[in-house]
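# Observations on chain architecture
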Amino acid sequence: HLAIARKIQDSFGESQALANVGEVLYSQGYYRDALAKHEEHFALTQTISDRWGERQALANLGRVHLALGDTDVALAYLEKSATLAGEIQDNLGQGQTLIYEGDVSAFKGDLRGAIAQYTGKRDFCESGRFLQ
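Scope of this entry: the structure provided in the associated data block.

Rules of the game
- Residues numbered from 1 in each chain as written.
- Predicted model: local features only at pLDDT ≥ 70, side-chain atom pairs only at ≥ 80, totals over all residues.
- Heavy atoms only, no water.
- Salt bridge = Lys/Arg side-chain N within 4 Å of Asp/Glu carboxyl O.
- Buried < 20%, exposed > 50% of the residue type's maximum accessible area, 1.4 Å probe, protein only.
- Helix = DSSP H or I, 4+ residues; strand = E, 2+ residues; numbered from the N terminus.
- Phe/Tyr/Trp six-rings, centres within 6.5 Å; stacked < 30°, edge-to-face > 60°.
- Lys NZ or Arg CZ within 6 Å of the ring centre and 35° of its normal.
- Core = buried A, V, L, I, M, F, W, Y, C linked by side-chain atoms within 4.5 Å.
- Contact = heavy atoms within 4.5 Å.
- Expected span 1.5 Å × (residues − 1).

A complete count under the given rule lists seven salt bridges for this structure. Its salt-bridge partner being Glu14, residue Arg6 comes within 2.9 Å of it at the nearest N-O pair. For Arg6, a relative accessible area of 36% translates into the label partly exposed. Residue classification places Glu14 among the buried positions, given a relative accessible area of 17%. The salt bridge partner of Lys108 is Asp72, with a shortest N-O separation of 3.6 Å. Of the two residues, Lys108 sits in the loop between helix H6 (91–107) and helix H7 (111–126) while Asp72 sits in helix H5 (residues 71–87), which places them 36 residues apart along the sequence. Judged by its relative accessible area of 57%, Asp72 falls in the exposed class. Overlapping salt bridges bring together Arg6, Glu14, Lys37 and Glu40 as one network.

Our next topic: the packing of aromatic side chains. Per the stated rule, a full pass over the model turns up one aromatic pair. The lysine or arginine in question, Lys80, covers the ring of Tyr77, its NZ or CZ lying 5.8 Å from the ring centre.

Turning to the nonpolar core, a few remarks are in order. Of all hydrophobic cores here, the largest spans eleven residues; its members are Leu25, Ala34, Leu35, Phe42, Ala57, Leu58, Leu61, Val64, Tyr77, Leu84 and Ile88. Contributions of two or more residues to this core are made by helix H3 (31–47), helix H4 (51–67) and H5. With four residues, H4 is the single largest residue contributor to this core. Aside from chain neighbours lying at most four places away, what touches Ile88 is Arg51, Trp52 and Arg55. Counting residues in each nonpolar core, the second largest holds six residues, with Ala59, Ala74, Leu78 and Val104 among its members.

Let us look at H6. Over its 17 residues, H6 extends 25 Å from the first C-alpha to the last, a length consistent with the 24 Å expected when each residue adds 1.5 Å. Those residues of H6 that fall on the buried side of the exposure criterion are Asn91, Gly93, Gln94, Gly95, Thr97, Leu98, Tyr100, Glu101, Gly102, Val104 and Ser105.

This is a description of form; function is not addressed.
In structure tokens form, the structure reads like this:
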């Protein structure tokens, strides 16, 4: 998919393919390689003004940095993702980011903070905002 998107100069397709490759690498534990693909994805989303893709890339970068143990960097990316999700009214993305921010708190050993984030996600879902 990535090679085809590049061949036909489909920037949106290339962007999504980069995200997909990054997620496959992440799921296999190749975090540095995943980071490179997600950074490439992020750069391309900015070039093509794809704010939804940019929000996704920021969240993915946060997840990879968490897997690498870079909690402060992870949280910075996730906060940017949450802010952008609010700007573009991506309610599902906002809820997703709450989960990832909870994961950062749990990784740091802040279980109360993690519970607060996860509770925020539950409250967010119960409000029905993610369906709008």
